[in-house]
Amino acid sequence: MYDFDELTAFADVMTTGSLTRSAQKLGLAKSTLSRRISQLETRLNQPLLRRQANRLIPTEAGLLFHNYCTELLAMAAHSQEALAELREEISGEITLEVHGALARSWLASAIDAFLNRHPKVELTLQTRETPPTKMHSNSVHVWLGPTHECGLNQERLGYLTRGLYASPRYLETAGMPKHPNELNQHAWIDLLGSASNGLLLSHPEHGEYTFSPPRSRLRVDLTALHIDAIARSQGIGLLAHWLTAKREQHHPGELLNCLPGWEPVPLPITLLYAYGHQSRRTHALLEFLRSQVPAQWHTTTATA
């Protein structure tokens, strides 16, 4: 049997190359750390480390054993987590990554309810504007927009319909467009990549129109900056109706749908998480997020 204190000591020195730095990191006396590694070498009947200049480097046996050492420590950590799952309370660290457009408008207040419900959970909430490619088992991501195969479980939460918006002040000066073919006469505010290949707009009575946006003098990469720029009368842009309505609750009269009925395909909202067994805290977070989906996100499911 291996002593996990000895394994931890060896693994850390393999990382730092220094007894002094590892002792400080692990909160041990240098002599204690050295003794643990010596005991491990005696147990294995092999030298694992040797000194070169001012650094400890692995022997051939040390390199070979380090792979097994890492696996043993990982298995020990997983077993502790599995045992923790048997407790009645839900506890531990978890990470929630949310598309920047949804963080404040959707989860800012709701997440307090989750933390109050599970007082022993430590949640890290992060925003991002790029989709994930891989995730830890105790991580969850909510993405707004198209997704691709990324090795993660993808669960559709709903859709956001979109329309063309401008500020009333801008429209007073530039005029109200009556058809998408007039949009080229207006300033366009671009959310990077949202309409670079043209924008197919559909109307329930007037059919379809493909709009090729003019070059935008202002291009932004954050949804919040995009909405702000349109509200400041910089031009016309494409916004989600639900997000716009949320903003209008706090800043009424700043945004106006200037071509009602003309809309592109709705944006999907997707819950992404790792395949396989979910920890109790991950399962609890997934169930909570599903329960918080606004009814408006479901109204366009059939259309989408």
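Before reading further, recall that the structure is shown in the block above.
Analysis parameters
- Residues numbered from 1 in each chain as written.
- Predicted model: local features only at pLDDT ≥ 70, side-chain atom pairs only at ≥ 80, totals over all residues.
- Heavy atoms only, no water.
- Helix = DSSP H or I, 4+ residues; strand = E, 2+ residues; numbered from the N terminus.
- Buried < 20%, exposed > 50% of the residue type's maximum accessible area, 1.4 Å probe, protein only.
- Core = buried A, V, L, I, M, F, W, Y, C linked by side-chain atoms within 4.5 Å.
- Contact = heavy atoms within 4.5 Å.
- 1 Å grid on protein atoms, 1.4 Å probe; cavity = no way out; pocket = protein on both sides within 12 Å on 5 of 7 lines; lining within 4 Å.
- Points joined across faces, edges and corners; volume = space filled by probe spheres on them.
- Nonpolar A, V, L, I, M, F, W, Y, C, P; charged D, E, K, R; others polar.
- Phe/Tyr/Trp six-rings, centres within 6.5 Å; stacked < 30°, edge-to-face > 60°.
- Pairing = 2+ DSSP bridges.
- Axes fitted to C-alpha atoms, helices over the stretch in contact; angles between N-to-C directions.

Visitor: When you look at the side chain of Ser 91 in this model, what are you seeing that I'm missing?
Guide: Relative to the helices and strands, Ser 91 is located in strand β3 (residues 91-99). Ser 91 sits in the buried class, given a relative accessible area of 19%.

Visitor: Any chance you could explain the nonpolar core here in plain terms?
Guide: Within soluble globular proteins, side chains that are nonpolar generally end up buried alongside one another. With 32 residues, the main nonpolar core has Leu 96, Leu 102, Trp 106, Val 142, Leu 160 and Leu 289 as its most contacted residues. Of all the secondary-structure elements, those providing two or more residues to this core are β3, α5 (100-107), α6 (110-117), β5 (139-144), β6 (153-160), α9 (241-250), β14 (267-273) and α10 (280-291). Not counting chain neighbours up to four residues away, the residues in contact with Leu 289 comprise Leu 96, Trp 106, Leu 107, Val 140, Val 142 and Leu 271. Counting residues in hydrophobic clusters, the runner-up holds 16 residues, among them Ala 23, Ile 37, Leu 49 and Cys 69.

Visitor: Would you explain helix α8 (residues 223-231) in this entry?
Guide: One full turn of an α-helix is made of 3.6 residues, so residues set three or four places apart face in the same direction. Burial in α8 covers these residues: Thr 223, His 226, Ile 227, Ala 229, Ile 230 and Ala 231. Looking one or two residues past α8, Ser 233 carries a phi angle of roughly 70°, positive in sign.

Visitor: What is the right way to read the layout of surface pockets from this model?
Guide: Empty pockets left among the atoms are what a rolling probe the size of a water molecule brings to light. Counted as a void, the second largest pocket has a volume near 570 Å³. Lining the second largest pocket we find 18 residues, and of these Ala 101, Arg 104, Ser 105, Ala 224 and Ile 227 sit closest to its centre. Of all the elements, α9 adds the most residues to the lining of the second largest pocket, at 5 residues. Its residues assigned to classes, the lining of the second largest pocket comprises 5 nonpolar, 7 polar and 6 charged.

Visitor: Mind showing me how you'd approach the packing of aromatic side chains here?
Guide: Given two aromatic rings, their pairing is described by the distance between the two centres and the angle made by the two planes. Under the criterion given, the structure shown has 5 aromatic pairs. Consider the rings of Trp 106 and Trp 297, whose centres lie 5.0 Å apart with planes at 55°: the pair is tilted. Of the two residues, Trp 106 is situated in helix α5 and Trp 297 in the segment after α10; the sequence distance between them amounts to 191 residues. Seen from their ring centres, Trp 242 and Trp 297 are 5.3 Å apart, and the 80° between their planes marks the pair as edge-to-face. With Trp 242 in helix α9 and Trp 297 in the segment after α10, this residue pair connects regions lying 55 residues apart in the sequence. The residues Trp 242 and Trp 297 share a single accessibility class, namely buried.

Visitor: Could you clarify how one ought to interpret the sheet that holds β6 in this entry?
Guide: Two orientations exist for strands paired in a sheet by backbone hydrogen bonds: parallel and antiparallel. Across the sheet, 5 strands lie side by side as β4-β3-β5-β14-β6; this open sheet has mixed pairing. The open sheet is flanked by β4 (120-128) and β6, the only strands paired with a single partner. Within this sheet the neighbouring strands show an average axis-to-axis angle of 20°, counted without direction. Two elements, β3 and β4, share 9 bridges in a ladder whose sense is parallel. Directly across from Glu 93, in β4, lies its bridge partner Glu 122.

Visitor: Would you mind going over the environment of Gln 154 with me for this structure?
Guide: Tracing the backbone through its elements, the reader meets Gln 154 in strand β6. The class of Gln 154 is partly exposed, set by a relative accessible area of 29%. For the pair formed by Gln 154 and Tyr 275, sequence separation is 121 residues and the distance between their alpha carbons is 9.4 Å. Non-local contacts of Gln 154, meaning those with residues more than four positions away in its chain, are made with Thr 147, His 148, Glu 149, Thr 270, Leu 271 and Leu 272.

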